[in-house]
Amino acid sequence: MTNHIFTSESVSEGHPDKIADQISDAILDAYLTQDKQCRVACETLVKNKRVIIAGEISSTATVNHEAIARKVVADIGYNDDALGFTSTTFRFHDYISKQAEEIAAGVDQSTAEKQGAGDQGLVFGFACNDTLALLPAPIYYANRITKRLAELRHANIVDWLRPDAKSQIGIRYVNAIPVAIETVVTSTQHAPSVSQSEIRELLHDEVFNKVLPAALVSSNTQFLVNPTGSFITGGPVSDCGLTGRKIIVDTYGGFSHHGGGAFSGKDPSKNDRSAAYAARQIAKSIVAAGLASKCEVQISYAIGVATPTSIYVNTFGTGKQSDEQLQKLVETTFDLTPYGIIKSLDLLRPIYQPTAAYGHFGREDLSLPWEKSVKFSSLKYSSIASFPDTNKRSSDVDENTVSKVGGRTGLQQRRSTLPSYPTPSWRKPDPSQWLDNYQAKKRG
């Protein structure tokens, strides 16, 4: 029997690194809106009252980089001079040049079908049946906490929440099954006027109770809110932000390998982004089909070469077919050339800015093409809703052990208690959804 705690973290859209990611992806989206064949590699740095962009862009489009950066910062919520960094006062520096001809020569071919990989490198995709989104439970719930905080802030439920925030969740696994949330750490930037007790009350009533499954929470769960005592100074005033510095938050929370390449600010010709999306779709399709309860896929490329140099499938002993058989199934089902990925996932669209905060995977609030499972025609397909092997895997957990850690047995029992509150569209929350416990108590 295995028994351990795994921890993942998330950061909010107002975290300095995420400000940078969102600016980079907003610029990418602006180019894709006008020019589907653009080549974009845009990096952003934010610190104090400065926003700096640098990189290589080749396109026929005309894009106002500064206007986009200011809109992103404004939409996040940096509009109060008291924050020390606002959308109207930062100085903007632009160091964008054109893509190198040698790189373009390797990627651009006589026909789109022959398009080569934008760089050498390797990517990983992962899925498991911890959650309905087939994402590991720690990163899934950590992301939901930070996103919920932003939804409350944008809906003006209280006036003291500020944009910068972080969360971290440690979940106990027994025989590879998540059975209990051990620790929840959340730090949220706030106005000086609010007390820490009021912050804790809001987070318990309107965040933790809304997004964490009751079956995983017990009297043993430790909640740490603003453990340093206060979090008044935040954002770029407190820390420097840089594109691509939250690659673990963007993916699987450390639960899976990572190829090292960041996503934001890169057009789909960069395979460390587009191929990572394809790898996620493959892994998710295998788990959704009941062919495994956990799956990791690695794909590697050489610059200028269309065909992958390797494909590797690992189901960690949970596969109903051998990993070699599943690899062959993948090779015959998916076109993993750059052109094949871009075409099948329809990636030449302005869909990237919303992914630059709260994760690129398991996003139930977004209609992302790589989150749609593919049916395998050569093997029997089981609906994702049935969660194959649920009963078998649950019975492997010792009742006494689960009782000691405050969890419950039975994946179906736990999933039946998952929160069902409606997820609003990105950055457009409906305040009426949350005018419940917190404001009722305040009015009383």
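The rules we used
- Residues numbered from 1 in each chain as written.
- Predicted model: local features only at pLDDT ≥ 70, side-chain atom pairs only at ≥ 80, totals over all residues.
- Heavy atoms only, no water.
- Helix = DSSP H or I, 4+ residues; strand = E, 2+ residues; numbered from the N terminus.
- Buried < 20%, exposed > 50% of the residue type's maximum accessible area, 1.4 Å probe, protein only.
- Contact = heavy atoms within 4.5 Å.
- Areas by Shrake-Rupley, 256 points an atom, 1.4 Å probe, with all protein chains shown as cover.
- Expected span 1.5 Å × (residues − 1).
- Bend = angle between axes of the 7 residues up to and from the residue.
- Phe/Tyr/Trp six-rings, centres within 6.5 Å; stacked < 30°, edge-to-face > 60°.
- Lys NZ or Arg CZ within 6 Å of the ring centre and 35° of its normal.

Draft legend 1. Spatial organisation of the overall build of the protein chain. Looking only at helices and strands, the protein chain has 14 helices and eleven strands in total. Taking all 444 residues of the protein chain together, the buried fraction comes to 57%. If you take every contact in the protein chain between residues at least 6 apart in sequence, the share linking residues at least 24 apart comes to 75%. Looking at the protein chain as shown, the accessible area adds up to about 17,900 Å², and 49% of this sits on carbon and sulfur atoms.

Draft legend 2. Helix α5 (residues 196-211), seen in detail. With 16 residues, α5 should cover 22 Å at 1.5 Å per step; its first-to-last C-alpha distance of 21 Å lies within 8% of that length. The largest bend along α5 reaches roughly 40° and is located at H204. Among the residues of α5, those classed as buried are Q196, I199, L202, L203, D205, E206, V207, F208, K210 and V211.

Draft legend 3. How the structure looks around the packing of aromatic side chains. The full count for this structure, using the stated rule, is 14 aromatic pairs. Relative to Y141, the ring of Y140 has its centre 4.9 Å away and its plane inclined at 80°; by these criteria the two rings are edge-to-face. Grouping residues by exposure puts Y140 and Y141 together as buried. Ring geometry for F263 versus F361: centroids 6.2 Å apart, planes at 75°, classification edge-to-face. Linking F263 in the loop between α7 (247-250) and α8 (271-288) with F361 in the loop between α10 (338-345) and α11 (390-395), this pair joins segments that are 98 residues apart in sequence. By the burial criterion, F263 is buried, and F361 matches it. Site record: aromatic cluster; members linked through ring pairs are F6, F126, Y173, Y252, F255, F263, Y277, F316, F361 and W370. Taking NZ or CZ as reference, R70 lies 4.2 Å from the ring centre of F90, over its face. The ring of F316 carries the charged tip of K294 above its face, separated from the ring centre by 5.3 Å.

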